[in-house]
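Descriptive analysis of the structure
Here is what each chain is made of, one letter per residue.
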Amino acid sequence: MTERADKTIELRVLRYNPVTDEKPHHQSFTVPYTSDMSVLQGLQWIKDTIDGSLTYRWSCRMAICGSCGMMINAEPKLACHTLLRDLAPGPVTVEPLNHFPIERDLVVTVDDFVKKIESVTPWLIPKHPKPVSEGPYNQTPAQMAAYENFSACINCMLCYAACPQYGENPKFIGPAAMAILQRYDGDSRDGGSALRIDAVHGEDGVWGCTAVGACSDVCPKAVDPMHAVNQNKMNTALDYFLRFLKKRDTK
Amino acid sequence: MSERRPYVRPMPRDWWARWPFRHYTVRELSGVTIAIYAAVLLSGLVALLQGPAAWDAWRGWLASPASLVLHGALLIAMLWHVRTWFQILPKTMPKLILGGTPVPQRTITLIGTSVAVICSSALVAFVLWRPF
């Protein structure tokens, strides 16, 4: 039996058209909803029936692609993972992710985020490379537990929208990039941490973090980026103080 | 193709005073109480160096209502600092894996807080009763 959408909720959506608008403004829509409808479905209803120009990113509808991150009532959330019934009676404010430039309506510029992910060399660099014929690189469950949660990042950027230090300093490497870095640095099969340490150093590296912790609070995948960032404060400090010893080692 | 003109929203200067960052701001400010209490102890040390008169004056100030209010406020802030310090402890230490599974962060916080409470209580008991 299909539930009838006899309840309505007001969505106040931040609109911005780079061609016609000097700056963004809110527009209200009254959306009929059923108890199983997400904010994303509310936006889709608006686009289908009221205003086809409403622009937002989405893909999987099941909290795994990381496309539909937006500020819902000032909190970074996945629109597909937030039910309208939990926000009743409304109104619900829907805005693009904080700290990122707005391209149009709810779509933000992701270039800076993508560059940061690229900068941490996000792939496995085997400690001891061997041909396929010699079999797989084995790992114990304990070795996997050391990095497993960091591998769950879906690049949704909610943590960057939550992080006031990224808002203050867009050069700050930020939470997700450090979680992804730790996913590889913490992997027993990986030997590439020397390549990644430059992204960790300095004010624009982990020291830009003041342990606000909002990144871990908003993460929809329990990645705990705050843990990754702060764990690396120890790594960068050790690398700084032991750099003379290390040089001797390599000679 | 439509024109690109990305709009950058300004960061509010008082973000630290707003929800949801107030908790963080109070936690960090409670750390300042350590510096204030260190200054109180240091002033006592300076008074001790200056001689008996200065030492007695400092002891007198300690017993004044203003000092008692200050110490009460410092104690509350310090207790809050202890609580929140151990809350973020598991996020600032390397991941702890025991028997193949990560130790829950709540367990680490609980153990740390318990050790702090036991040590502090033991110290207070020692000072109050002076067994030797």
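Residues numbered from 1 in each chain as written. Chains lettered and ligands numbered in written order. Predicted model: local features only at pLDDT ≥ 70, side-chain atom pairs only at ≥ 80, totals over all residues. Heavy atoms only, no water.

Let us look at the overall build of chain B. When you go through chain B residue by residue, the secondary structure sums to 4 helices and 2 strands. Going residue by residue from the N terminus, the α and β elements of chain B occur as α-α-α-β-β-α. Taken against the 2.2 N^0.38 rule, which gives 14 Å for 132 residues, the C-alpha radius of gyration of chain B at 23 Å runs more than 25% over that of a compact globule. C-alpha atoms of chain B, sized along the principal axes, occupy 85 × 45 × 25 Å. (Helix = DSSP H or I, 4+ residues; strand = E, 2+ residues; numbered from the N terminus. Rg over C-alpha atoms; globule rule 2.2 N^0.38 Å.)

As a further point, take the packing of helix 1 (residues 22-50) of chain B against helix 3 (residues 65-92) of chain B. The relative placement of two packed helices is expressed as an angle between their axes plus a distance between the axes. Residue and element names in this part refer to chain B. One can describe the packing of helix 1 onto helix 3 by two numbers: an axis separation of 8 Å at closest approach and a directional angle of 130 degrees. The angle between helix 1 and helix 3 places the two elements in the oblique class. You can see that helix 1 and helix 3 cross each other, and the crossing is left-handed. Contact residues: helix 1 offers His23, Val26, Arg27, Ser30, Gly31, Thr33, Ile34, Ile36, Tyr37 and Val40, while helix 3 offers Leu70, His71, Leu74, Ala77, Met78, Trp80, His81, Thr84, Gln87 and Ile88. Residues that form the contact of helix 1 with helix 3 fall into these classes: 11 nonpolar, 8 polar and 1 charged. (Axes fitted to C-alpha atoms, helices over the stretch in contact; angles between N-to-C directions. Parallel < 35°, antiparallel > 145°, perpendicular 65-115°, else oblique. Left-handed = near helix turned anticlockwise from the far one by under 90°. Contact = heavy atoms within 4.5 Å. Nonpolar A, V, L, I, M, F, W, Y, C, P; charged D, E, K, R; others polar.)

Turning our attention to the domain arrangement of chain A. Residue and element names in this part refer to chain A. According to the domain assignment, chain A consists of domain 1 (7-108) and domain 2 (111-250). On a C-alpha basis, the centres of domain 1 and domain 2 stand 31 Å from each other. Counting residues at the interface gives 15 residues for domain 1 and 16 residues for domain 2. A combined buried area of about 1100 Å² lies between domain 1 and domain 2, and 73% of that area is made up of carbon and sulfur atoms. Counting the surface domain 1 buries against domain 2, the share from its top three residues, Pro76, His99 and Phe100, is 49%. (Domains from an automatic or database assignment. Buried area = accessible area lost by both parts, 1.4 Å probe.)

Glancing now at the packing of aromatic side chains. A full pass over the atoms with the stated rule returns 10 aromatic pairs over all chains. With a centroid separation of 5.6 Å and an interplanar angle of 50 degrees, the aromatic rings of Tyr16 of chain A and Tyr7 of chain B are classed as tilted. Residue Tyr16 of chain A is found in the loop between strand 1 (7-15) and strand 2 (25-33), and its partner Tyr7 of chain B is found in the segment before helix 1; the two belong to separate chains. Relative accessible area serves as the criterion here: at 1%, Tyr16 of chain A is assigned to the buried category. Judged by its relative accessible area of 21%, Tyr7 of chain B is partly exposed. Ring geometry for Tyr240 of chain A and Phe241 of chain A: centres 5.2 Å apart, planes at 85 degrees, overall edge-to-face. Of the residues examined, Tyr240 of chain A reaches a relative accessible area of 46% and is grouped as partly exposed. Through a chain of ring-to-ring contacts, three or more aromatic side chains come together here, namely Phe100, Phe113, Tyr160 and Tyr166 of chain A. (Phe/Tyr/Trp six-rings, centres within 6.5 Å; stacked < 30°, edge-to-face > 60°. Buried < 20%, exposed > 50% of the residue type's maximum accessible area, 1.4 Å probe, protein only.)

With that settled, consider the interface of chain A and chain B. Contacts between chain A and chain B engage 44 residues on the former and 26 residues on the latter. Note on chain A versus chain B: buried area summed over both sides is about 2700 Å², and carbon and sulfur give 54% of it. Here Arg4 of chain B ties to Glu103 of chain A by a salt bridge, and the two come within 2.4 Å at their closest N and O atoms. Scanning the region where chain A abuts chain B turns up 17 residue pairs in polar contact (both at pLDDT 80 or more). Residues belonging to the side of chain A that touches chain B are distributed by class as follows: 23 nonpolar, 12 polar and 9 charged. (Salt bridge = Lys/Arg side-chain N within 4 Å of Asp/Glu carboxyl O. Polar contact = N/O pair within 3.5 Å; in protein donor to acceptor, adjacent residues only side chain to side chain.)

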